[in-house]
Amino acid sequence: MSSTQNLTLVQAVRDGLKSEMQRDDDVLVMGEDVGKNGGVFRATEGLYDEFGEDRVIDTPLAESGIVGTAIGMAAYGLKPVPEIQFSGFMYPAFDQIISHAARMRTRSRGRFTCPLVVRAPYGGGIRAPEHHSESKEAFYAHEAGLKVVIPSTPYDTKGLLAASIRDPDPVIFLEPKLIYRAFREEVPDDDYTVELGEAAVRREGSDISLFTWGAMTRPSIQAAESVAEDGIDVEVIDLRTLKPMDTDAILESFEKTGRAVVVHEAPKTGGLAGEITATIQEEALLYQEAPVNRVTGFDVPYPLYALEDYYMPEDTRIEDAIRETYEF
Amino acid sequence: MSSTQNLTLVQAVRDGLKSEMQRDDDVLVMGEDVGKNGGVFRATEGLYDEFGEDRVIDTPLAESGIVGTAIGMAAYGLKPVPEIQFSGFMYPAFDQIISHAARMRTRSRGRFTCPLVVRAPYGGGIRAPEHHSESKEAFYAHEAGLKVVIPSTPYDTKGLLAASIRDPDPVIFLEPKLIYRAFREEVPDDDYTVELGEAAVRREGSDISLFTWGAMTRPSIQAAESVAEDGIDVEVIDLRTLKPMDTDAILESFEKTGRAVVVHEAPKTGGLAGEITATIQEEALLYQEAPVNRVTGFDVPYPLYALEDYYMPEDTRIEDAIRETYEF
Amino acid sequence: MSTLQRDPDDRVRVLDEDGRVVDGAEVPDLSDEELVEMYRQMRLARHFDQRAVSLQRQGRMGTYPPLSGQEAAQVGSAAAMDDDDWMFPSYREHGAAYVRGVDLAQTLRYWMGDERGNALEGLNIFPVAVPIATQILHATGAAWASNLKDGDDRNAFLCYFGDGATSEGDFHEGLNFAGVFDAPAVFFCNNNQWAISVPRERQTASETLAQKADAYGFEGVQVDGMDPLAVYQVTREAIEKAKAADPDGLRPTLIEAVQYRFGAHTTADDPSVYRDEEEVEKWKAKDPIPRLESYLRNTGVLDDEGVDAVTQSVEDEVAEAITEAESFERPEATDMFDYVFEERTERLEEQRAHLQRLRERHGDEELLE
Amino acid sequence: MSTLQRDPDDRVRVLDEDGRVVDGAEVPDLSDEELVEMYRQMRLARHFDQRAVSLQRQGRMGTYPPLSGQEAAQVGSAAAMDDDDWMFPSYREHGAAYVRGVDLAQTLRYWMGDERGNALEGLNIFPVAVPIATQILHATGAAWASNLKDGDDRNAFLCYFGDGATSEGDFHEGLNFAGVFDAPAVFFCNNNQWAISVPRERQTASETLAQKADAYGFEGVQVDGMDPLAVYQVTREAIEKAKAADPDGLRPTLIEAVQYRFGAHTTADDPSVYRDEEEVEKWKAKDPIPRLESYLRNTGVLDDEGVDAVTQSVEDEVAEAITEAESFERPEATDMFDYVFEERTERLEEQRAHLQRLRERHGDEELLE
Ligand SMILES: Cc1ncc(C[n+]2csc(CCOP(=O)(O)OP(=O)(O)O)c2C)c(N)n1
Ligand SMILES: Cc1ncc(C[n+]2csc(CCOP(=O)(O)OP(=O)(O)O)c2C)c(N)n1
Ligand SMILES: [Mg+2]
Ligand SMILES: [Mg+2]
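Draft legend 1. Spatial organisation of the overall build of chain A. Across its full length, chain A holds 12 helices and 14 strands. Taken over C-alpha atoms, the radius of gyration comes to 19 Å for chain A, in line with the 20 Å a tight globule of 328 residues would show. A principal-axis box enclosing the C-alpha atoms of chain A has dimensions of 60 × 45 × 40 Å. A buried classification covers 77% of the 328 residues belonging to chain A. The contacts in chain A between residues at least 6 apart in sequence include a share of 83% that link residues at least 24 apart. With 32 positive and 57 negative side-chain charges, chain A shows a separation of 4 Å between the mean positions of the two kinds.

Given below as structure tokens:
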């Protein structure tokens, strides 16, 4: 039987990077402060010592430079895993991500591919300065040619990261930093993958389907437990991969419950709750018994920390939405 | 009675810029090739001669530079209208748009604002090279702090552009280049505004609501006329402003028809058809008689022109969707 | 010869490490009062910094970026600005901001997570922006706007950023635009040797950062950033040049102030992971504060009594600011809906109402837990 | 002294405008056959260009970016590469691509809107990418990867871009990374004086583009871009330098090849709006083709007969390529779903099926009208 370690989510990131780097010499990590410093969240701690400066590379402070050179590296046969220090700093690299990473395979009819994984901590709730708390997974999901992954548990983190690194196409891997150290889970020492594009049922239920991901998974489960006391049985589904999305899992659950709540931190307008809602009613309108309830961040710039707790959907707000949907 | 001119859409852009520049000395135009050359689509033709090089400014080739300096100018009291040559080249400026234009008011509690209008031709169908045909309005609509406007007629173009320039907040103004010269319309010589946030009913109907914008408006009307022959009465609504969206107009129409088709060029996944669908069923589920039908671009990188006509939703595809929705 | 025309490799200095005037250096024309005020401001910046770090440790403030070691660069440069000049700070310019009139309490408030601390009505200062190097374009744009709007009555626009910032595309585009449009800008690079854990040598292969100005057709100069008088002098010349039309040269200047951050990058950072105590000690020998103090003592401008008075005034002022900052009320919850656009849209009204309903139904404690 | 170490203001030349060897210049060591082949390739590039422009006018091709005037820069530089070196083109490098083995028919196919024309299996060439300057980062990344992967057996990575491209942030970040990581890269700037309608002087205030290399710690050199032998020589040295570890310097080089685009920016552009015919005439006097032809005639390598043979071969080859390109079938409609990811996702399968249903129901003509 293979051994395990009790890891936090951020430790699982590191463990995932490490075992993929051991498995495949072409995998390398690059970014600002990922080397000697081990990353500002310690997600690459110890890798510099183990793999050396040619595989754990401190770069100049330039996000377009990081992703753009990673694209060149990927085309030349390496498997770079660039880290962007916070997802709010991915925008300087947006052109390289959208115009190149997402288009290289099409542009070269498959001769050049972009097997790179852009990792970035995302989301709010950690009392951080401006631009450190955004969650804009919808930007990336809208671009053909990109996959988007957001784990919510340590076990999944390692497995999804491994799957992303082995995936022959570019993956945007967003890590919910709010729960980087929130809890621990047994994580196998050996390498393994959690397949991309598969949702996980976190709590089975028959009355309402709740779809969520990342740091919103925990308050969603909390809310589900709380309403369970009043006999409302919520199925909580953690989508894990936002693109390609596990539509089958969504529909299967919805066809059972006929009611849904979608929870995400990102602003409502143009957020992925809209996509999920549209998909549900496209495929399962006849099952629908109540409006799909979107519990999201507000359509405002993410506030500094004095107000961030008002911005973030939390269990109370989710609970309210569940009850509203149940009673519709 | 005020005089009018018979203008194409791109001429209306020029006319709109011109009358706003005449009205307000702080308005200026800047970008690549907008000056002497009059813009690669001639959208700024003649302005350089009329207003001089201090108000119609040829910049170096650097989109972040264009938008970033425009933000500084706007904060200093000017009203810059930067042009990005094609919307596919807005990504190098994405950080300045998202992190600054959209956040300056919040960051400074209203002391500094960003009364700027980023203009860019967008959309496909003109046999252009790669990255010249994208429509990614959903990116901008998802960002709090940005307004997004897409005109579909010459009259609206001038009026919406004027309203955008006078708006105290940043507006992303996307121009459907496919119909830059497709038809003409009488446009008043005097300046006027078409209010932001208000949809226009292009064709009244009672059976199905069709929501669209930009270059998709014409094939949508065409499809509506075509199915009218079979007694299907489609209401075509041109949203014109994508953010803030005219939810009232959407709901009013939908509550009448109970059926909807949404048409856009952008890829389906994460496109604004999802947002519209979600809004409809949130507010008007009980009126709904059929799934909202999304007629959109495919989830692929926009193909080079040999295949672009397969990519673009056109009247046939729209017609099919209308019939499907009608018959549901 | 203007100091700006020196070879960029030739670092401008006025005081040596012991506070003595360097051979051949010209001491800038500052009154005794002005010199003492610079000294006081540097002391205040240092003391403020120490207190802010300890507030953060006590959980009374969020992440905070300390400035100790960088007082000469901040105070010397800000003191060289004329009243109407504009400043574009990075996140570390608490000292420079103070010199330009920003309340310490406001600065604290910002780092306490209250965006109102960044609302500096009436001061020619741009709000702090966190994304690296992006403010360079805003400074260039505003400076260029002044070419277009202000006739001959131009102000200078001084923009701060770090050594790491020079690697970003926006640095390049900003300086390039400034050169092309001859903007009255001063680009002030606080080369504190580190961008978090990345050393200056890893940031770029160019010998100096000052020489990068050559790529944009204007002058670059390296100055000892731990020498307040040298910083003052170089900045003053750059500011004057920015405002005077010189047919032989361009208005912008890139100043590289060579200095050191004594502390952590932010309170979330542990520098011992990536740099040696030895290096820190080496730079501490260049500490700008004792250096200016020695100079002022040697020239008889300051004595023990004067120094004590400064100590007292600085401690009082910072203590007062902390009390004030901690007495500010938390912003209204609905505040976040008020600065999205000039007017709230319908959707924002709805969301605001929704938040109000949640607060009424559950109470703030429940929502904030 | 290597030409790379010259002062960047000092433009490298071998042939003067009449094809005579410039005083003191060293003629690169090329055989007669190699020289005639360079001449033929330049003639071919010119002829191809003229034919492509007329195909576009006739509606047989989409927008096309002409290269006439830039043949020396393209052919001279590409000829200087070793077989295994890598090339990263902009959208205008049809001539350089041809030298490196790209079928003319493939190039035409690409500009006829068929992405398969960009699929260059087996050649060390990156696909054409349209967003300006972005390919510089890819070249740097690949060159850097070669440091990491290829041991001492490194190839050189030559990247083309225009004068306008030097203003983009990606130019800066790419050259900066190349300097820091000592990547075996050659940055070849085709300074053709114009970025569409924006003249070189408006692009940047720096005297030369070559001097921008100084900001990254490596060498920059200006070469007469309408002199194929000078271009060959400078590029050859840069390529050799990129591959040889030199303890005294960095591997990358920035080459600024000063030249002129005789025609429009693309077939959608009308240059008469923004530039004078006079200027064009001035540069036409530097036309690289008669220049090399004179040199070859003067040195007895080429005579009328030889020139005629070249004319014939060039016309035949281009005509054949056009026939071939026009005979390619339109790509399969469903092709667009096949290169999104390695495997089609469920949603792509559905959309593909949807398109197939539409085609069956309505026929291709209806959909394509
Ligand atoms: C665009 C962007 N990328 C990354 C960061 C994260 N970050 C904050 S400070 C910093 C280092 C900055 O170094 P430098 O420019 O030298 O300034 P210093 O902090 O030393 O004053 C980094 C990488 C950021 N704020 N913005
Ligand atoms: C990022 C980006 N912005 C704008 C454009 C539109 N555009 C295409 S070519 C061009 C001018 C390029 O000039 P230069 O770099 O000098 O190259 P040249 O065309 O002269 O070879 C512009 C602005 C683009 N392709 N990419
Ligand atoms: Mg620094
Ligand atoms: Mg050019």
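Draft legend 2. Representation of the interface of chain A and chain B within the structure. With 46 residues of chain A at the contact, the number on the chain B side is 46 residues. Taken over both partners, the interface formed by chain A and chain B buries close to 4100 Å², and the fraction arising from carbon and sulfur atoms is 58%. When residues of chain A are sorted by the area they lose upon contact with chain B, A:Arg103, A:Phe139 and A:His142 head the list and together hold 17% of the total. On inspection of chain A and its partner chain B, the count reaches 12 salt bridges. With its nearest N and O atoms 2.8 Å apart, the salt bridge here joins A:Arg294 to B:Glu282. For the pair chain A and chain B, the number of links is 26 residue pairs in polar contact (both at pLDDT 80 or more). The set of elements that each furnish at least two residues to the side of chain A that touches chain B consists of α4 (94–101), α5 (104–107), α6 (137–141), β13 (260–267) and α10 (272–284) of chain A. Residue contributions to the side of chain A that touches chain B peak at seven residues, all from α10(A).

Draft legend 3. Spotlight on unusual backbone geometry. Here the amide bond leading from A:Lys243 into A:Pro244 is cis, since omega sits at -5 degrees, within 30 degrees of zero. Backbone geometry places B:Arg42, a non-glycine residue, at a positive phi of 70 degrees. Mapped onto the elements, B:Arg42 comes out in the loop between β2 (27–31) and α2 (47–51). Positive phi, close to 80 degrees, is recorded for D:Gln193, a residue that is not glycine. With respect to the helices and strands, D:Gln193 occurs in the loop between β3 (185–191) and β4 (194–195). Its relative accessible area of 14% is what places D:Gln193 among the buried residues.

Draft legend 4. Looking closely at the coordination of the magnesium ion (ligand 4). Residues and elements named next belong to chain D. The magnesium ion (ligand 4) binds to the protein through Asp163 (OD), Asn192 (OD1) and Trp194 (O), with metal-donor distances spanning 2.0 to 2.1 Å. One chain supplies every donor to the magnesium ion (ligand 4), and in sequence these donors are spaced D-x28-N-x1-W. Of the two residues, Asp163 is situated in the loop between β2 (157–162) and α6 (169–180) and Asn192 in the loop between β3 and β4; the sequence distance between them amounts to 29 residues. Asn192 matches Asp163 in its accessibility class, with the two residues each being buried.

Draft legend 5. Examining the sheet that holds strand β2 (residues 157–162) of chain C more closely. Residue and element names in this part refer to chain C. Read across the sheet, five strands follow the order β1-β2-β3-β7-β6 without closing on themselves; strand pairing throughout is parallel. Two strands close off the open sheet at either side, each with one partner strand: β1 (86–88) and β6 (219–224). Averaged over all adjacent pairs, the angle separating strand axes in this sheet is 20 degrees, with direction ignored. Relative to strand β7 (residues 253–258), strand β3 (residues 185–191) runs parallel, the two being bridged by six bridges.

Draft legend 6. Region of the structure containing the interface of chain B and chain C. Of the residues lining the interface, 46 residues belong to chain B; the matching set on chain C comes to 44 residues. In this assembly, chain B packs against chain C so that about 3600 Å² is buried in total across both faces, 63% of it on carbon and sulfur atoms. Broken down residue by residue, the surface that chain B buries against chain C is led by B:Tyr76, B:Arg109 and B:Arg111, which jointly contribute 25%. Counting every contact that joins chain B to chain C gives five salt bridges. As a salt-bridge pair, B:Arg109 and C:Glu115 come within 3.8 Å of each other at their nearest N and O atoms. Along the contact surface separating chain B from chain C lie 17 residue pairs in polar contact (both at pLDDT 80 or more). For the side of chain B that touches chain C, the elements supplying multiple residues, two or more each, are β2, β3 (56–58), α3 (63–75), α4 (94–101), α5 (104–107) and α10 (272–284) of chain B. Ranked by the residues each element gives to the side of chain B that touches chain C, the list is headed by α3(B), at 10 residues.

Draft legend 7. Summary view of the coordination of the magnesium ion (ligand 3). All names here are of chain C. Protein-derived coordination of the magnesium ion (ligand 3) comes from Asp163 (OD), Asn192 (OD1) and Trp194 (O), at a distance range of 2.0 to 2.1 Å. Counting gaps between the donor residues of the magnesium ion (ligand 3) yields the pattern D-x28-N-x1-W. Here Trp194 lies in strand β4 (residues 194–195) and Asp163 lies in the loop between β2 and α6 (169–180), a separation of 31 residues in the sequence.

Draft legend 8. Layout of the site of ligand 1. Around ligand 1 sit 20 residues in total, of which A:Glu63, C:Tyr91, C:Arg92, C:Asp163 and C:Gly164 are the nearest. Among the chains of the assembly, those with residues near ligand 1 are chains A and C. One of the side-chain nitrogen or oxygen atoms of C:Asp163 is found 2.7 Å away from an oxygen atom of ligand 1. In the environment of ligand 1, an oxygen atom lies 2.9 Å from a nitrogen or oxygen atom belonging to the side chain of C:Asn192. Burial of ligand 1 by the protein chains amounts to 96% of its free accessible area of 580 Å². The class makeup of the residues in the shell around ligand 1 is 10 nonpolar, five polar and five charged.

Draft legend 9. Examining the relation of the copies chain A and chain B more closely. Superposing chain A onto chain B takes a rotation of 180 degrees plus a shift of 0.0 Å along the axis, which leaves an RMSD of 0.0 Å. Such a combination of turn and shift is consistent with a two-fold rotation axis. In terms of C-alpha distance to the rotation axis, chain A has A:Gly274 as its closest residue, with the C-alpha 2.4 Å off the axis. Comparing interface residues between copies, 100% of those in chain A also sit at the interface in chain B, which points to an isologous, same-surface contact.

Cut-offs used in this document
- All residue numbers here refer to positions counted from 1 along the written sequence of the relevant chain.
- Key to labels: chains lettered from A, ligands numbered from 1, both in the order written.
- Given that the model is predicted, a residue must reach a pLDDT of at least 70 before its local features are reported, and side-chain atom pairs must reach 80 or more before they are shown or counted; all residues, however, enter totals for whole chains, interfaces and linings.
- Derived side-chain values reflect all non-hydrogen atoms in the structure, with water molecules and hydrogen atoms excluded from consideration.
- Helix and strand definitions follow DSSP, with helices as H or I runs of at least four residues and strands as E runs of at least two, each counted in order from the N terminus.
- Throughout, radius of gyration means the C-alpha value; the globule benchmark is 2.2 Å times the number of residues raised to the power 0.38.
- Relative accessibility decides the category of a residue: with a 1.4 Å probe and only protein chains considered, values under 20% of the type maximum give buried, values over 50% give exposed, and everything between is partly exposed.
- Residue contacts are defined here by distance: any two heavy atoms, one from each residue, within 4.5 Å place the two residues in contact.
- Only four residue types enter the charge count, namely Lys and Arg as positive and Asp and Glu as negative; His and the chain termini do not.
- By convention, the point assigned to a charge is CZ for Arg, NZ for Lys, CD for Glu and CG for Asp.
- In short, buried area is how much 1.4 Å probe accessible area vanishes from two parts on joining, totalled over both.
- Counted as salt bridges are all cases of a side-chain nitrogen of Lys or Arg within 4 Å of a carboxyl oxygen of Asp or Glu.
- Between N or O atoms, a polar contact is any pair within 3.5 Å; within protein, one atom must be a potential hydrogen donor and the other a potential acceptor, and residues adjacent in sequence are included only when both atoms are from side chains.
- Keep in mind that water is not among the atoms, so a site may look incomplete; donors are the N, O and S atoms within 2.8 Å of the metal, or 3.2 Å for Na, K and Ca.
- By this definition, two strands are paired if DSSP reports at least two bridges between them.
- Note on geometry: axes are C-alpha line fits, over the in-contact stretch for helices, and angles between N-to-C directions span 0 to 180 degrees.
- To be near a molecule or strand, a residue needs just one of its heavy atoms within 4 Å of it.
- Only the protein chains shown count as cover for residues, with accessible areas throughout obtained via the Shrake-Rupley method and a probe of 1.4 Å.
- When residue character is reported, Ala, Val, Leu, Ile, Met, Phe, Trp, Tyr, Cys and Pro are called nonpolar, Asp, Glu, Lys and Arg charged, and the others, Gly included, polar.
- Here the copies were fitted onto each other by least squares, based on C-alpha atoms from residues at pLDDT of at least 70 in both.

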